[in-house]
Amino acid sequence: MSIDAVQKANSGHPGMPMGMADVTTILFNKFLKFNPHNPSWFNRDRFVLSAGHGSMLLYSVLYLSGYKTITIEDIKNFRQLNSICAGHPEYEKDSGIETTTGPLGQGIANAVGFALAEEINREKFGDKICNHKTYVIAGDGCLMEGISHEAMSLAGHLKLKNLILFFDNNSISIDGNTNLSISDNYKKRFASYNWDLIEINGHDYNQISKAINKAQRAKKPTVISCKTIIGYGSPNKSNTASVHGSPLGSAEIDLVRKKLKWSSVPFEVPENILKEWRKLIITGKKHEENWKKNFDKLEKNKKEELLRIKSGNLPKNFNEKISQIKDKFFENSKPIATRKSSEACLEAITTFIPELIGGSADLTGSNNTKSSSQKIIKANNFNGSYIHYGIREHGMCGVMNGLALDQSTIPYGGTFLIFSDYCKPSIRLAALMKQRVIYVLTHDSIGLGEDGPTHQPIEQLFSLRSIPNLN
(Lines give C-alpha, C1' and ligand atoms only; values in the text may rest on other atoms or scores of the structure.)
Protein backbone atom coordinates (compact mmCIF):
# COMPACT_ATOMS: atom_id res chain seq x y z
CA MET A 1 0.00 0.00 0.00
CA SER A 2 2.82 2.38 0.91
CA ILE A 3 4.71 1.65 -2.33
CA ASP A 4 1.61 2.17 -4.51
CA ALA A 5 0.48 5.36 -2.73
CA VAL A 6 3.93 6.96 -3.07
CA GLN A 7 4.08 5.92 -6.74
CA LYS A 8 0.62 7.38 -7.50
CA ALA A 9 1.51 10.65 -5.74
CA ASN A 10 4.88 10.63 -7.54
CA SER A 11 6.23 11.87 -4.23
CA GLY A 12 7.00 10.45 -0.79
CA HIS A 13 9.14 8.06 1.23
CA PRO A 14 8.63 4.34 0.52
CA GLY A 15 11.84 3.03 2.12
CA MET A 16 10.97 3.41 5.80
CA PRO A 17 7.47 1.83 5.55
CA MET A 18 8.98 -1.12 3.66
CA GLY A 19 11.67 -1.53 6.31
CA MET A 20 9.38 -1.24 9.35
CA ALA A 21 6.30 -3.08 8.01
CA ASP A 22 7.20 -6.29 9.89
CA VAL A 23 7.63 -4.57 13.27
CA THR A 24 4.48 -2.48 12.87
CA THR A 25 2.32 -5.41 11.75
CA ILE A 26 3.32 -7.49 14.77
CA LEU A 27 2.90 -4.55 17.14
CA PHE A 28 -0.62 -3.76 15.92
CA ASN A 29 -1.82 -7.35 15.63
CA LYS A 30 -0.34 -8.88 18.78
CA PHE A 31 0.35 -6.12 21.31
CA LEU A 32 -1.20 -2.69 20.71
CA LYS A 33 -4.29 -2.06 22.87
CA PHE A 34 -6.68 0.20 20.95
CA ASN A 35 -10.22 0.42 19.60
CA PRO A 36 -10.39 1.48 15.91
CA HIS A 37 -14.04 2.49 16.36
CA ASN A 38 -13.23 4.74 19.32
CA PRO A 39 -9.79 6.18 18.51
CA SER A 40 -9.76 8.47 21.58
CA TRP A 41 -10.56 5.80 24.16
CA PHE A 42 -8.87 7.00 27.35
CA ASN A 43 -6.81 3.90 28.12
CA ARG A 44 -5.61 3.07 24.60
CA ASP A 45 -1.93 2.50 23.94
CA ARG A 46 -0.40 5.50 22.16
CA PHE A 47 1.44 4.97 18.87
CA VAL A 48 3.68 7.80 17.64
CA LEU A 49 5.52 7.88 14.31
CA SER A 50 8.45 10.18 15.06
CA ALA A 51 9.97 9.31 11.67
CA GLY A 52 7.08 11.18 10.10
CA HIS A 53 8.36 10.94 6.54
CA GLY A 54 7.25 7.28 6.65
CA SER A 55 3.64 8.44 7.08
CA MET A 56 2.23 5.90 4.61
CA LEU A 57 3.12 3.19 7.12
CA LEU A 58 0.78 4.83 9.63
CA TYR A 59 -2.05 5.41 7.13
CA SER A 60 -1.77 1.82 5.89
CA VAL A 61 -2.12 0.24 9.34
CA LEU A 62 -4.94 2.62 10.32
CA TYR A 63 -6.87 1.63 7.18
CA LEU A 64 -6.18 -2.08 7.60
CA SER A 65 -7.15 -1.97 11.30
CA GLY A 66 -10.55 -0.50 10.48
CA TYR A 67 -10.27 3.16 11.47
CA LYS A 68 -13.16 4.93 9.76
CA THR A 69 -11.11 8.10 9.27
CA ILE A 70 -8.83 6.53 6.64
CA THR A 71 -10.47 5.09 3.51
CA ILE A 72 -8.87 3.51 0.47
CA GLU A 73 -9.75 6.70 -1.44
CA ASP A 74 -7.80 8.74 1.13
CA ILE A 75 -4.79 6.51 0.57
CA LYS A 76 -5.12 6.95 -3.19
CA ASN A 77 -5.03 10.71 -2.50
CA PHE A 78 -1.83 10.54 -0.45
CA ARG A 79 -0.02 13.90 -0.37
CA GLN A 80 -2.88 15.70 -2.16
CA LEU A 81 -4.48 18.91 -0.88
CA ASN A 82 -7.04 18.33 1.92
CA SER A 83 -6.30 14.58 2.14
CA ILE A 84 -6.00 13.28 5.70
CA CYS A 85 -3.08 11.24 4.32
CA ALA A 86 -0.70 14.20 4.29
CA GLY A 87 2.98 13.96 3.37
CA HIS A 88 3.84 13.95 7.07
CA PRO A 89 1.29 12.93 9.74
CA GLU A 90 -0.96 15.82 10.80
CA TYR A 91 -2.78 15.48 14.10
CA GLU A 92 -6.53 15.17 13.92
CA LYS A 93 -8.66 14.30 16.92
CA ASP A 94 -10.35 10.90 16.80
CA SER A 95 -8.36 9.83 13.74
CA GLY A 96 -5.66 7.56 15.13
CA ILE A 97 -3.04 10.15 14.15
CA GLU A 98 -1.86 11.01 17.65
CA THR A 99 0.48 13.91 16.76
CA THR A 100 1.97 15.96 13.94
CA THR A 101 5.48 14.80 13.12
CA GLY A 102 7.98 15.49 10.36
CA PRO A 103 10.61 17.67 12.02
CA LEU A 104 12.71 14.75 13.22
CA GLY A 105 12.93 13.92 16.91
CA GLN A 106 9.73 15.77 17.86
CA GLY A 107 7.77 12.52 18.08
CA ILE A 108 10.23 11.14 20.64
CA ALA A 109 9.60 14.15 22.90
CA ASN A 110 5.83 13.87 22.33
CA ALA A 111 5.97 10.19 23.29
CA VAL A 112 7.76 11.12 26.52
CA GLY A 113 4.87 13.53 27.20
CA PHE A 114 2.28 10.80 26.55
CA ALA A 115 4.13 8.38 28.85
CA LEU A 116 4.42 11.04 31.55
CA ALA A 117 0.67 11.79 31.32
CA GLU A 118 -0.01 8.06 31.74
CA GLU A 119 2.00 7.97 34.99
CA ILE A 120 0.28 11.12 36.32
CA ASN A 121 -3.19 9.76 35.52
CA ARG A 122 -2.42 6.32 36.94
CA GLU A 123 -1.47 7.99 40.20
CA LYS A 124 -4.65 10.07 40.10
CA PHE A 125 -7.26 7.52 38.95
CA GLY A 126 -5.67 4.13 39.71
CA ASP A 127 -4.09 1.46 37.53
CA LYS A 128 -7.40 -0.11 36.56
CA ILE A 129 -8.34 3.13 34.80
CA CYS A 130 -4.95 4.12 33.43
CA ASN A 131 -2.36 1.45 32.56
CA HIS A 132 -1.32 1.76 28.93
CA LYS A 133 1.91 1.83 26.93
CA THR A 134 3.36 4.45 24.61
CA TYR A 135 5.16 3.17 21.52
CA VAL A 136 7.22 5.36 19.21
CA ILE A 137 9.07 4.60 15.97
CA ALA A 138 12.18 6.71 15.47
CA GLY A 139 14.92 6.55 12.86
CA ASP A 140 18.59 7.45 12.67
CA GLY A 141 17.65 11.06 11.90
CA CYS A 142 15.40 11.38 14.97
CA LEU A 143 18.27 10.21 17.16
CA MET A 144 20.73 12.65 15.56
CA GLU A 145 18.52 15.61 16.45
CA GLY A 146 19.39 17.18 19.82
CA ILE A 147 15.79 17.05 21.06
CA SER A 148 16.11 13.25 21.23
CA HIS A 149 18.91 13.61 23.79
CA GLU A 150 16.94 16.07 25.93
CA ALA A 151 13.71 14.06 25.89
CA MET A 152 15.28 10.62 26.39
CA SER A 153 17.47 11.90 29.20
CA LEU A 154 14.38 13.20 31.04
CA ALA A 155 12.42 9.98 30.39
CA GLY A 156 15.26 7.87 31.80
CA HIS A 157 15.57 10.12 34.82
CA LEU A 158 11.84 9.75 35.52
CA LYS A 159 11.96 5.97 34.79
CA LEU A 160 9.00 6.07 32.42
CA LYS A 161 8.74 2.29 32.21
CA ASN A 162 5.70 2.24 29.90
CA LEU A 163 7.63 3.98 27.10
CA ILE A 164 8.95 1.76 24.29
CA LEU A 165 10.96 3.20 21.40
CA PHE A 166 11.52 1.21 18.20
CA PHE A 167 14.77 2.38 16.62
CA ASP A 168 14.55 1.82 12.85
CA ASN A 169 18.25 1.09 12.70
CA ASN A 170 18.83 0.97 8.93
CA SER A 171 22.01 3.14 8.85
CA ILE A 172 20.77 5.16 5.85
CA SER A 173 19.98 8.89 5.62
CA ILE A 174 19.39 11.19 2.63
CA ASP A 175 23.09 11.79 1.96
CA GLY A 176 23.97 8.08 2.11
CA ASN A 177 25.23 5.76 4.83
CA THR A 178 24.99 7.31 8.29
CA ASN A 179 28.72 6.67 8.83
CA LEU A 180 29.27 9.81 6.74
CA SER A 181 28.31 11.89 9.76
CA ILE A 182 27.94 9.80 12.89
CA SER A 183 29.82 7.14 14.83
CA ASP A 184 27.96 7.18 18.15
CA ASN A 185 28.04 4.17 20.43
CA TYR A 186 24.28 3.71 20.77
CA LYS A 187 24.58 1.06 23.50
CA LYS A 188 26.52 3.38 25.79
CA ARG A 189 24.33 6.34 24.86
CA PHE A 190 21.07 4.64 25.83
CA ALA A 191 22.61 3.10 28.94
CA SER A 192 23.74 6.55 30.10
CA TYR A 193 20.11 7.73 29.83
CA ASN A 194 18.98 4.86 32.10
CA TRP A 195 17.13 3.07 29.28
CA ASP A 196 17.06 -0.67 28.61
CA LEU A 197 18.26 -1.77 25.16
CA ILE A 198 17.14 -4.84 23.21
CA GLU A 199 18.78 -5.52 19.85
CA ILE A 200 16.91 -7.55 17.21
CA ASN A 201 16.63 -8.35 13.53
CA GLY A 202 13.70 -6.13 12.51
CA HIS A 203 12.53 -8.69 9.95
CA ASP A 204 12.47 -11.69 12.30
CA TYR A 205 8.90 -12.11 13.58
CA ASN A 206 9.92 -14.20 16.57
CA GLN A 207 12.60 -11.74 17.71
CA ILE A 208 10.16 -8.82 17.33
CA SER A 209 7.51 -10.52 19.50
CA LYS A 210 10.00 -11.58 22.19
CA ALA A 211 11.46 -8.06 22.40
CA ILE A 212 8.06 -6.39 22.81
CA ASN A 213 7.07 -8.96 25.45
CA LYS A 214 10.24 -8.23 27.39
CA ALA A 215 9.89 -4.43 27.03
CA GLN A 216 6.34 -4.55 28.40
CA ARG A 217 7.70 -5.89 31.72
CA ALA A 218 10.57 -3.39 32.01
CA LYS A 219 11.21 -1.16 35.03
CA LYS A 220 12.48 1.73 32.88
CA PRO A 221 12.06 2.99 29.29
CA THR A 222 13.17 0.60 26.55
CA VAL A 223 14.79 1.01 23.15
CA ILE A 224 14.22 -1.91 20.79
CA SER A 225 16.92 -1.47 18.16
CA CYS A 226 15.51 -3.08 15.02
CA LYS A 227 18.22 -3.81 12.45
CA THR A 228 16.24 -3.28 9.27
CA ILE A 229 16.80 -2.95 5.54
CA ILE A 230 15.42 0.29 4.15
CA GLY A 231 13.26 -0.48 1.10
CA TYR A 232 13.03 -4.14 2.16
CA GLY A 233 11.90 -6.29 -0.79
CA SER A 234 13.24 -4.04 -3.53
CA PRO A 235 15.86 -5.99 -5.56
CA ASN A 236 17.76 -2.93 -6.81
CA LYS A 237 17.01 -0.14 -4.35
CA SER A 238 16.88 -1.73 -0.89
CA ASN A 239 19.62 -0.60 1.50
CA THR A 240 20.31 2.53 -0.60
CA ALA A 241 19.70 6.24 0.04
CA SER A 242 17.68 6.48 -3.19
CA VAL A 243 14.77 4.52 -1.69
CA HIS A 244 14.45 6.94 1.26
CA GLY A 245 12.57 9.79 -0.39
CA SER A 246 11.65 8.88 -3.99
CA PRO A 247 9.06 6.61 -5.62
CA LEU A 248 10.43 3.22 -6.66
CA GLY A 249 9.26 3.55 -10.27
CA SER A 250 6.90 1.14 -12.03
CA ALA A 251 9.64 -1.22 -13.27
CA GLU A 252 11.10 -1.69 -9.76
CA ILE A 253 7.60 -2.08 -8.26
CA ASP A 254 6.97 -4.99 -10.67
CA LEU A 255 10.17 -6.62 -9.40
CA VAL A 256 9.11 -6.08 -5.75
CA ARG A 257 5.76 -7.73 -6.49
CA LYS A 258 7.53 -10.77 -7.95
CA LYS A 259 10.02 -11.01 -5.07
CA LEU A 260 7.28 -10.75 -2.40
CA LYS A 261 4.92 -13.00 -4.45
CA TRP A 262 2.31 -10.25 -4.34
CA SER A 263 -0.23 -10.60 -7.16
CA SER A 264 -2.87 -8.02 -6.16
CA VAL A 265 -3.30 -4.87 -8.22
CA PRO A 266 -2.47 -1.47 -6.61
CA PHE A 267 -4.74 -0.51 -3.67
CA GLU A 268 -6.43 -3.91 -3.58
CA VAL A 269 -6.14 -5.85 -0.32
CA PRO A 270 -6.97 -9.57 -0.55
CA GLU A 271 -10.14 -10.35 1.38
CA ASN A 272 -8.51 -12.95 3.66
CA ILE A 273 -5.79 -10.46 4.72
CA LEU A 274 -8.23 -7.61 5.32
CA LYS A 275 -10.49 -9.94 7.31
CA GLU A 276 -7.55 -10.89 9.55
CA TRP A 277 -6.68 -7.23 10.22
CA ARG A 278 -10.31 -6.26 10.85
CA LYS A 279 -10.51 -8.74 13.73
CA LEU A 280 -8.72 -5.97 15.64
CA ILE A 281 -12.05 -4.09 15.74
CA ILE A 282 -13.60 -6.90 17.83
CA THR A 283 -10.49 -7.19 20.03
CA GLY A 284 -10.43 -3.42 20.54
CA LYS A 285 -14.09 -3.28 21.56
CA LYS A 286 -13.44 -6.01 24.16
CA HIS A 287 -10.48 -4.07 25.55
CA GLU A 288 -12.66 -1.00 26.00
CA GLU A 289 -15.64 -2.95 27.40
CA ASN A 290 -13.43 -4.51 30.07
CA TRP A 291 -12.04 -1.08 30.93
CA LYS A 292 -15.57 0.36 31.10
CA LYS A 293 -16.47 -2.10 33.85
CA ASN A 294 -13.67 -0.67 35.98
CA PHE A 295 -14.62 2.90 35.06
CA ASP A 296 -18.22 2.27 36.20
CA LYS A 297 -16.89 1.23 39.63
CA LEU A 298 -14.88 4.45 40.03
CA GLU A 299 -15.85 6.85 42.82
CA LYS A 300 -18.43 9.40 41.67
CA ASN A 301 -16.20 12.46 42.12
CA LYS A 302 -13.27 10.86 40.27
CA LYS A 303 -15.54 9.71 37.47
CA GLU A 304 -16.97 13.21 37.06
CA GLU A 305 -13.49 14.75 37.14
CA LEU A 306 -12.18 12.38 34.47
CA LEU A 307 -15.17 13.06 32.20
CA ARG A 308 -14.75 16.83 32.66
CA ILE A 309 -11.02 16.71 31.90
CA LYS A 310 -11.57 14.49 28.84
CA SER A 311 -14.18 16.94 27.52
CA GLY A 312 -11.67 19.79 27.72
CA ASN A 313 -13.88 21.84 30.05
CA LEU A 314 -12.43 23.83 32.93
CA PRO A 315 -13.94 23.55 36.44
CA LYS A 316 -17.40 25.13 36.72
CA ASN A 317 -16.24 27.86 39.10
CA PHE A 318 -13.32 28.91 36.88
CA ASN A 319 -14.69 32.32 35.77
CA GLU A 320 -15.79 33.16 39.29
CA LYS A 321 -12.33 32.35 40.67
CA ILE A 322 -10.60 34.42 37.98
CA SER A 323 -12.86 37.39 38.80
CA GLN A 324 -11.86 37.11 42.45
CA ILE A 325 -8.16 37.09 41.50
CA LYS A 326 -8.67 40.21 39.35
CA ASP A 327 -10.55 42.02 42.12
CA LYS A 328 -7.71 41.27 44.52
CA PHE A 329 -5.18 42.80 42.10
CA PHE A 330 -7.27 45.92 41.54
CA GLU A 331 -7.47 46.51 45.28
CA ASN A 332 -3.68 46.81 45.30
CA SER A 333 -2.62 49.61 42.95
CA LYS A 334 1.13 49.21 43.58
CA PRO A 335 3.29 48.42 40.52
CA ILE A 336 4.12 44.72 40.20
CA ALA A 337 6.53 42.86 37.91
CA THR A 338 4.71 40.76 35.30
CA ARG A 339 6.36 37.54 36.48
CA LYS A 340 5.20 38.32 40.06
CA SER A 341 1.71 38.93 38.68
CA SER A 342 1.94 35.59 36.83
CA GLU A 343 3.11 33.87 40.02
CA ALA A 344 0.17 35.26 41.98
CA CYS A 345 -2.26 33.98 39.33
CA LEU A 346 -0.64 30.54 39.38
CA GLU A 347 -0.76 30.54 43.18
CA ALA A 348 -4.54 30.81 42.91
CA ILE A 349 -5.42 28.70 39.87
CA THR A 350 -3.18 25.70 40.59
CA THR A 351 -5.34 24.97 43.62
CA PHE A 352 -8.51 24.37 41.60
CA ILE A 353 -7.36 23.13 38.15
CA PRO A 354 -5.96 19.65 38.92
CA GLU A 355 -5.00 18.99 35.29
CA LEU A 356 -2.64 22.00 35.21
CA ILE A 357 0.91 20.62 35.08
CA GLY A 358 3.66 23.19 35.49
CA GLY A 359 7.40 23.25 35.06
CA SER A 360 10.47 25.22 34.11
CA ALA A 361 13.73 24.67 32.27
CA ASP A 362 15.83 25.12 35.44
CA LEU A 363 14.55 28.67 36.01
CA THR A 364 11.81 28.05 38.59
CA GLY A 365 12.97 30.82 40.91
CA SER A 366 13.38 33.31 38.05
CA ASN A 367 10.22 32.41 36.10
CA ASN A 368 8.15 32.18 39.31
CA THR A 369 6.35 29.17 37.85
CA LYS A 370 5.88 27.01 40.96
CA SER A 371 3.09 27.71 43.40
CA SER A 372 3.29 26.79 47.07
CA SER A 373 0.63 24.08 46.66
CA GLN A 374 2.39 22.18 43.87
CA LYS A 375 4.27 18.95 44.57
CA ILE A 376 7.27 17.89 42.48
CA ILE A 377 6.85 15.00 40.02
CA LYS A 378 9.70 12.51 40.55
CA ALA A 379 10.67 9.01 39.43
CA ASN A 380 8.38 6.50 41.19
CA ASN A 381 6.22 9.33 42.58
CA PHE A 382 3.94 11.01 40.08
CA ASN A 383 1.55 12.40 42.66
CA GLY A 384 2.42 16.00 41.80
CA SER A 385 1.87 18.78 39.31
CA TYR A 386 5.30 20.35 38.77
CA ILE A 387 8.18 19.09 36.62
CA HIS A 388 11.82 20.07 36.87
CA TYR A 389 12.70 19.83 33.16
CA GLY A 390 16.34 20.75 33.68
CA ILE A 391 18.19 22.86 31.12
CA ARG A 392 16.27 21.28 28.24
CA GLU A 393 14.11 24.02 26.70
CA HIS A 394 13.48 22.22 23.41
CA GLY A 395 12.79 18.91 25.14
CA MET A 396 10.45 20.62 27.62
CA CYS A 397 8.29 22.07 24.86
CA GLY A 398 8.20 18.80 22.91
CA VAL A 399 7.20 16.92 26.07
CA MET A 400 4.51 19.52 26.82
CA ASN A 401 3.04 18.88 23.36
CA GLY A 402 2.66 15.20 24.30
CA LEU A 403 1.11 16.12 27.66
CA ALA A 404 -1.42 18.36 25.88
CA LEU A 405 -2.17 15.83 23.11
CA ASP A 406 -3.00 13.24 25.76
CA GLN A 407 -6.11 15.39 26.38
CA SER A 408 -5.75 14.88 30.12
CA THR A 409 -3.44 17.72 31.17
CA ILE A 410 -2.88 21.42 30.47
CA PRO A 411 0.89 21.94 30.58
CA TYR A 412 2.77 25.18 31.14
CA GLY A 413 6.52 25.67 31.15
CA GLY A 414 8.84 28.55 31.90
CA THR A 415 12.06 29.96 30.49
CA PHE A 416 13.43 33.37 29.45
CA LEU A 417 11.96 34.94 26.33
CA ILE A 418 15.40 34.89 24.67
CA PHE A 419 15.45 31.09 24.96
CA SER A 420 12.19 30.77 23.06
CA ASP A 421 14.58 30.28 20.12
CA TYR A 422 15.52 26.95 21.71
CA CYS A 423 11.80 26.09 21.92
CA LYS A 424 10.63 27.33 18.53
CA PRO A 425 10.14 24.07 16.54
CA SER A 426 7.95 22.58 19.30
CA ILE A 427 6.04 25.83 19.84
CA ARG A 428 5.30 25.95 16.11
CA LEU A 429 3.97 22.39 16.13
CA ALA A 430 1.77 23.09 19.18
CA ALA A 431 0.28 26.04 17.29
CA LEU A 432 -0.15 23.95 14.13
CA MET A 433 -2.03 21.31 16.15
CA LYS A 434 -4.00 23.98 18.09
CA GLN A 435 -3.00 22.48 21.44
CA ARG A 436 -3.41 24.04 24.89
CA VAL A 437 0.23 24.56 25.77
CA ILE A 438 1.19 27.60 27.85
CA TYR A 439 4.63 29.25 27.75
CA VAL A 440 5.72 31.48 30.61
CA LEU A 441 8.47 33.53 28.93
CA THR A 442 9.89 35.95 31.48
CA HIS A 443 12.76 38.47 31.27
CA ASP A 444 11.05 39.83 28.19
CA SER A 445 12.53 43.34 28.17
CA ILE A 446 15.55 44.63 26.24
CA GLY A 447 16.26 46.60 29.41
CA LEU A 448 17.07 43.57 31.52
CA GLY A 449 20.48 44.91 32.46
CA GLU A 450 23.70 43.21 33.40
CA ASP A 451 23.18 39.95 31.51
CA GLY A 452 23.90 41.87 28.33
CA PRO A 453 23.01 41.39 24.65
CA THR A 454 23.08 37.57 24.70
CA HIS A 455 20.03 37.69 26.97
CA GLN A 456 18.26 40.69 25.41
CA PRO A 457 15.19 39.65 23.38
CA ILE A 458 15.05 41.79 20.23
CA GLU A 459 13.55 39.79 17.32
CA GLN A 460 11.98 37.03 19.46
CA LEU A 461 8.61 38.67 20.03
CA PHE A 462 8.21 39.46 16.34
CA SER A 463 9.08 35.90 15.32
CA LEU A 464 6.67 34.37 17.85
CA ARG A 465 3.85 36.68 16.79
CA SER A 466 4.34 35.59 13.19
CA ILE A 467 3.49 31.94 14.01
CA PRO A 468 -0.14 31.20 12.99
CA ASN A 469 -2.44 30.07 15.85
CA LEU A 470 0.00 31.27 18.54
CA ASN A 471 -1.44 33.80 20.98
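**Some thoughts on helix H10 (residues 250-259)**
Restricting attention to buried positions, one finds in H10 the residues Glu252, Ile253, Val256 and Arg257. The arc that holds every buried residue of H10, seen down its axis, measures 145°, which confines them to one face. Exposed side chains of H10 directed beyond 90 degrees from the buried face belong to Ala251, Lys258 and Lys259. In this structure, the buried side of H10 is in contact with helix H1 (2-9). Downstream of H10 by one or two residues, Lys261 has phi in the positive range, about 55°.

**With respect to the side chain of Ser40**
Inspection of the secondary structure puts Ser40 in the loop between helix H2 (15-31) and strand E1 (46-49). There is a polar contact of 2.4 Å between the side chain of Ser40 and the side chain of Asp94.

**Quick look at the nonpolar core**
Core analysis: the largest hydrophobic core is formed by 104 residues, its most contacted members being Leu116, Phe166 and Ile224. Broken down by element, this core gets its largest block of residues, nine residues, from helix H5 (residues 106-125). Sequence-distant contacts of Ile224, defined by excluding residues within four places in its chain, comprise Ile164, Leu165, Phe166, Phe167, Ile198, Ile200, Ala211, Ile212 and Ala215.

**Regarding the sheet that holds strand E9 (residues 386-388)**
Taken in spatial order, the four strands line up as E9-E8-E10-E11 in an open sheet, and their pairing is parallel. Among the strands making up the open sheet, the edge pair consists of E9 and strand E11 (438-442). The mean inter-strand angle of the sheet, taken between neighbouring strand axes irrespective of direction, is 20°. Bridging between strand E8 (residues 356-360) and E9 involves three bridges; their strand directions are parallel. Across the sheet, residue Gly358 finds its bridge partner in E9, namely Tyr386. Packed onto the sheet, helix H16 (residues 393-405) meets E8, E9, strand E10 (410-416) and E11 and runs at close to 165° relative to E10.

**Brief notes about empty space enclosed by the protein**
Under the defined criterion, the tally for this structure stands at two cavities of 30 Å³ or more. Computed from the structure, the largest cavity encloses a volume of approximately 80 Å³. Surrounding the largest cavity, Phe28, Leu32, Phe34, Pro39, Arg44, Asp45, Phe47, Leu62, Tyr67, Gly96 and Glu98 form its lining. Of the residues that constitute the lining of the largest cavity, the class distribution is seven nonpolar, one polar and three charged. The computed volume of the second largest cavity comes to approximately 40 Å³. Lining the second largest cavity are Phe47, Val48, Leu49, Leu58, Pro89, Gly96, Ile97, Glu98 and Thr99.

**Section: the layout of surface pockets**
The calculated volume of the largest pocket comes to roughly 1,000 Å³. Along its surface, the largest pocket is lined by 29 residues, and Met1, Ala21, Thr25, Leu260 and Trp262 are the ones closest to its centre. With seven residues, the single largest contributor to the lining of the largest pocket is H2. Of the residues assigned to the lining of the largest pocket, the class counts are 21 nonpolar, four polar and four charged. In this model, the second largest pocket occupies a volume close to 600 Å³. Residue lining of the second largest pocket: 28 residues in total, with Ser342, Cys345, Leu346, Ile438 and Val440 positioned closest to the centre. Where the lining of the second largest pocket is concerned, the elements lending two or more residues are helix H13 (318-331), helix H14 (338-349), E10 and E11. Among the elements that line the lining of the second largest pocket, the one with the most residues is H14, at six residues. Along the lines of polarity and charge, the residues of the lining of the second largest pocket split into 19 nonpolar, five polar and four charged.

**Some thoughts on the pairing of E8**
Burial runs high along E8: five of the five residues are buried. Both faces of E8 are covered, namely the face carrying Leu356, Gly358 and Ser360 and the face carrying Ile357 and Gly359. Sheet analysis places E8 next to E10, joined by three bridges and oriented parallel. Residue pairing across strands places Ser360 opposite Gly414, the latter belonging to E10.

**Section: the pattern of salt bridges**
With the rule as written, the count across this model stands at 16 salt bridges. Three or more residues are tied together by salt bridges with common partners; here these are Glu118, Glu119, Arg122 and Lys161.

Analysis parameters
- Within any chain, residue numbers begin from 1 and follow the written order of that chain's sequence.
- Given that the model is predicted, a residue must reach a pLDDT of at least 70 before its local features are reported, and side-chain atom pairs must reach 80 or more before they are shown or counted; all residues, however, enter totals for whole chains, interfaces and linings.
- Water and hydrogen atoms play no part in the side-chain values, which are based on all heavy atoms of the structure.
- For every residue, the accessible area (1.4 Å probe, protein chains only) is compared with the maximum for its type, and the residue is labelled buried under 20%, exposed over 50%, or partly exposed between those bounds.
- A run of H or I in DSSP becomes a helix once it reaches four residues, and a run of E becomes a strand once it reaches two; helices and strands are each numbered from the N terminus.
- What the arc covers is the set of directions going from the helix axis to the C-beta atoms.
- By the convention used here, residues are in contact when the closest approach between their heavy atoms is within 4.5 Å.
- Whenever a nitrogen or oxygen atom comes within 3.5 Å of another N or O atom, the pair is scored as a polar contact, on the condition that within protein one atom can donate a hydrogen and the other can accept it, and that pairs from neighbouring residues in sequence are kept only if both atoms are in side chains.
- Buried Ala, Val, Leu, Ile, Met, Phe, Trp, Tyr and Cys residues form a nonpolar core when they are joined through side-chain atoms within 4.5 Å.
- When DSSP locates at least two bridges between a pair of strands, those strands are taken to pair.
- Angles here are taken between N-to-C directions and fall from 0 to 180 degrees, while the axes themselves are lines fitted to C-alpha atoms, restricted in helices to the stretch in contact.
- Put plainly, a pocket is an open set of points on a 1 Å grid over the protein atoms alone with protein on both sides within 12 Å along at least five of seven lines, a cavity is a set where a 1.4 Å probe fits but cannot get out, and a lining residue has an atom within 4 Å of a point.
- Grid points are joined across faces, edges and corners, and a volume is the space filled by probe spheres set on the points.
- Residue type decides the class: Asp, Glu, Lys and Arg count as charged, Ala, Val, Leu, Ile, Met, Phe, Trp, Tyr, Cys and Pro as nonpolar, and the leftover types, Gly among them, as polar.
- Any Lys or Arg side-chain nitrogen found within 4 Å of a carboxyl oxygen on Asp or Glu counts as a salt bridge.

Function-wise, these values are silent; they only describe arrangement.
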